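This is what each chain is made of:
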Amino acid sequence: MEGQDEVSAREQHFHSQVRESTICFLLFAVLYVVSYFVITRYKRKSDEQEDEDAIVNRISLFLSTFTLAVSAGAVLLLPFSIISNEILLSFPQNYYIQWLNGSLIHGLWNLASLFSNLCLFVLMPFAFFFLESEGFAGLKKGIRARVLETLVMLLLLALLILGIVWVASALVDNDAASMESLYDLWEFYLPYLYSCISLMGCLLLLLCTPVGLSRMFTVMGQLLVKPTILEDLDEQIYIISLEEEALQRRLNGLSSSAGYNIVGLEQELGNVRTLKTKLERRKKASAWERNLVYPAVMVLLLIETAISVLLVACNILCLLVDETAMPKGTRGPGIGNASLSTFGFVGAALEIILIFYLMVSSVVGFYSLRFFGNFTPKKDDTTMTKIIGNCVSILVLSSALPVMSRTLGLHRLHLPNASRDSESPQPSANGHQKAL
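### Considerations on the overall build of the chain
Per the secondary structure count, the chain includes 12 helices and zero strands. Seen in sequence order, the chain has helices and strands lined up from the N terminus as α-α-α-α-α-α-α-α-α-α-α-α. The proportion of buried residues among the 436 residues of the chain is 37%. Residue pairs in contact within the chain that sit at least 24 positions apart in sequence constitute 78% of those at least 6 positions apart. Working note: accessible area of the chain is about 26100 Å², and carbon and sulfur atoms make up 65% of it.

### Describing a nonpolar patch on the surface
Residues F136, L139, L148, V152, M153, L155, L156, L159 and L162 make up a contiguous nonpolar surface patch of about 740 Å² in total accessible area. Among the structural elements, V152 can be located in helix α4 (residues 143-172). For V152, a relative accessible area of 31% gives the class partly exposed.

### Concerning the nonpolar core
With 33 residues, the main nonpolar core has I82 and F366 as its most contacted residues. Among the elements that line this core, the one with the most residues is helix α10 (residues 345-368), at eight residues. Each residue touching F366, except ones within four places of it in the same chain, is listed here: L204, C208, F372, S393 and L397. Judged by nonpolar contacts, the second largest core, of 25 residues, contains I39, V56, I197 and M384.

### Considering helix α3 (residues 102-132)
In this model α3 runs 43 Å from its N-terminal to its C-terminal C-alpha over 31 residues, within 8% of the 45 Å that 1.5 Å per residue would give. In α3, a bend of some 45° at C119 exceeds every other bend along the element.

### Things to note about the pattern of salt bridges
A side chain of one charge can pair with a side chain of the opposite charge if their charged atoms are brought near each other. Overall, the coordinates contain one salt bridge when judged by the stated rule. Linking D381 and R44 is a salt bridge whose minimum nitrogen-to-oxygen distance equals 3.2 Å. One end of the pair, D381, is in the loop between α10 and α11 (384-408); the other, R44, is in the loop between α1 (2-42) and α2 (52-90), and 337 residues separate them in sequence. The exposure class assigned to D381 is partly exposed, which follows from its relative accessible area of 40%. R44 gets classed as partly exposed once you look at its relative accessible area, which sits at 28%.

### Focus: the side chain of S361
In this fold, S361 is placed in helix α10. Owing to a relative accessible area of 0%, S361 belongs among the buried residues under this scheme.

### Things to note about the packing of aromatic side chains
Following the criterion strictly, the structure yields 10 aromatic pairs and no others. Look at Y36 and F37: their rings are 6.1 Å apart centre to centre, the planes differ by 75°, and that puts the pair in the edge-to-face class. Take F37: its relative accessible area is 57%, and that puts it in the exposed class. Measuring from ring centre to ring centre gives 5.7 Å for F128 and F129, while their planes differ by 65°; the resulting arrangement is edge-to-face.

### Describing the packing of α3 against α11
Between α3 and α11, the shortest axis-to-axis distance is 11 Å and the interhelical angle comes to 160°. Considering their axes alone, α3 and α11 lie roughly antiparallel with respect to each other. In this structure, the crossing between α3 and α11 has a hand that is left-handed. Across the interface between the two elements, W109, S116, C119, L120, M124, A127, F128, L131 and E132 from α3 touch M384, T385, I388, C391, V392, L395, V396, S399 and P402 from α11.

### Concerning the environment of E52
Its location among the elements puts E52 in helix α2. Overall, the relative accessible area of 28% leaves E52 in the partly exposed class. Each C-alpha atom of the pair E52 and G142 lies 7.2 Å from the other, and the pair is 90 residues apart in sequence. Apart from residues lying up to four places away in sequence, E52 is in contact with G142, I143 and R146.

### Here we look at the packing of helix α9 (residues 287-321) against α10
Between α9 and α10, the least distance of the axes is 11 Å, while the angle of their chain directions is 100°. Overall, the two elements α9 and α10 adopt an arrangement that is roughly perpendicular. Side by side, α9 and α10 meet where L301, E304, T305, I307, S308 and L311 of the first sit next to L350, I353, L354 and Y357 of the second. Partitioned by chemical class, the residues of the contact of α9 with α10 number seven nonpolar, two polar and one charged.

### Points about the confidence of the model for the chain
Per-residue confidence for the chain gives a mean pLDDT of 77; residues scoring 70 or more make up 79%. The spread of mean pLDDT over the elements of the chain runs between helix α12 (residues 418-422), the lowest at 41, and α2, the highest at 87. Within the model, the stretch residues 418-436 combines pLDDT values under 50 with 33 contacts to residues more than four positions away or in other chains.

### Side note on the side chain of S362
With respect to the secondary-structure elements, S362 resides in helix α10. Of the residues examined, S362 reaches a relative accessible area of 0% and is grouped as buried. Dropping the residues within four chain positions of it, S362 is found in contact with L205, C208 and T209.

Scoring rules and cut-offs
- Residues numbered from 1 in each chain as written.
- Predicted model: local features only at pLDDT ≥ 70, side-chain atom pairs only at ≥ 80, totals over all residues.
- Heavy atoms only, no water.
- Helix = DSSP H or I, 4+ residues; strand = E, 2+ residues; numbered from the N terminus.
- Buried < 20%, exposed > 50% of the residue type's maximum accessible area, 1.4 Å probe, protein only.
- Contact = heavy atoms within 4.5 Å.
- Areas by Shrake-Rupley, 256 points an atom, 1.4 Å probe, with all protein chains shown as cover.
- Patch = residues over 30% accessible without salt bridge, like charges linked within 9 Å, V, L, I, M, F, W, Y side chains within 5 Å.
- Salt bridge = Lys/Arg side-chain N within 4 Å of Asp/Glu carboxyl O.
- Core = buried A, V, L, I, M, F, W, Y, C linked by side-chain atoms within 4.5 Å.
- Expected span 1.5 Å × (residues − 1).
- Bend = angle between axes of the 7 residues up to and from the residue.
- Phe/Tyr/Trp six-rings, centres within 6.5 Å; stacked < 30°, edge-to-face > 60°.
- Axes fitted to C-alpha atoms, helices over the stretch in contact; angles between N-to-C directions.
- Parallel < 35°, antiparallel > 145°, perpendicular 65-115°, else oblique.
- Left-handed = near helix turned anticlockwise from the far one by under 90°.
- Nonpolar A, V, L, I, M, F, W, Y, C, P; charged D, E, K, R; others polar.
- pLDDT = per-residue confidence, 0-100.

As structure tokens, then:
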């Protein structure tokens, strides 16, 4: 009987692993397809040649798509964990949700951490150097020469980063045990380096989110149709049409020698046509879209911003008054054991909405900053280099989102960690703990 029980337990574990692997593969496949369509929408069409550069661009495109899919998975994983916890609490014995368990959630978090490290430290540097490489002088030109140059550049970059971290560790903590811990590449060095990247992402989120919250109203105002209050759209369209005809006649009357004037008039004509298109869109919009959708969206944005600021202020006050409110690195109650919100499903839904609102605001704020303004992708006119930069930036922001939202008090989910959740951290031989 004991042997049969052991075989049955092994079979259940095997089927559970196969089920979790299948679910992870299907989820990632959906994210990869969506990410591919998003990138191809912005990728410059002139990059599609049929030569060696086309192969390099295609490989870089696939790596960028993989990175964007990992970023989307990292963003969606936190809301997925929150709603899964509430579903398991509400329907603990339901047969159709037996696949949704703590093991699957922890596995997804571990895969997200692994793939984030892989994309940030291997795939994206490889895609960038591979795109810029030409092959060493004296070697036969081709894909192999470019791959060799890329691998050499990656090795030099790894040595440079290792040296920088080594020097930083020596300046901060000049201890022999601390220096020896850097030899443990997998258990200490890479998690420490990824933690530094997450810290940079948190600082970037702190910089981008306030800008994004203020810009969200302007962006939504540009996307939606505003109400026509005391405006005569027909008269405005008539005036714009007359101006367009006047500019067109001036262009037809100028000779080809006046190149500067022609370029200026063409730009002005393009601006006039864009304004005319916007006015025509406002005229064709229904009364419901003009008078109901725009005010409703603006009020919704205002409510979300007010709730976010209120929650963050309450969390700061709790941290100042109550020391026990500080987030600890201990094990949480686990998925499906306790509700993470006082209001159950309603509170969980509100947390998810605020998390998405925080992420969208941070992305809008990121592209609104003057330093990152050139990174803004344009439809059918974005080079592969800019696509790689955008993928890396979104990956850094998405990696810092769970920690940032937990620190601000937007949710109370215990963020799983591969080392902490699988086993308790054991001190290494030099006295330092391997788990961060």
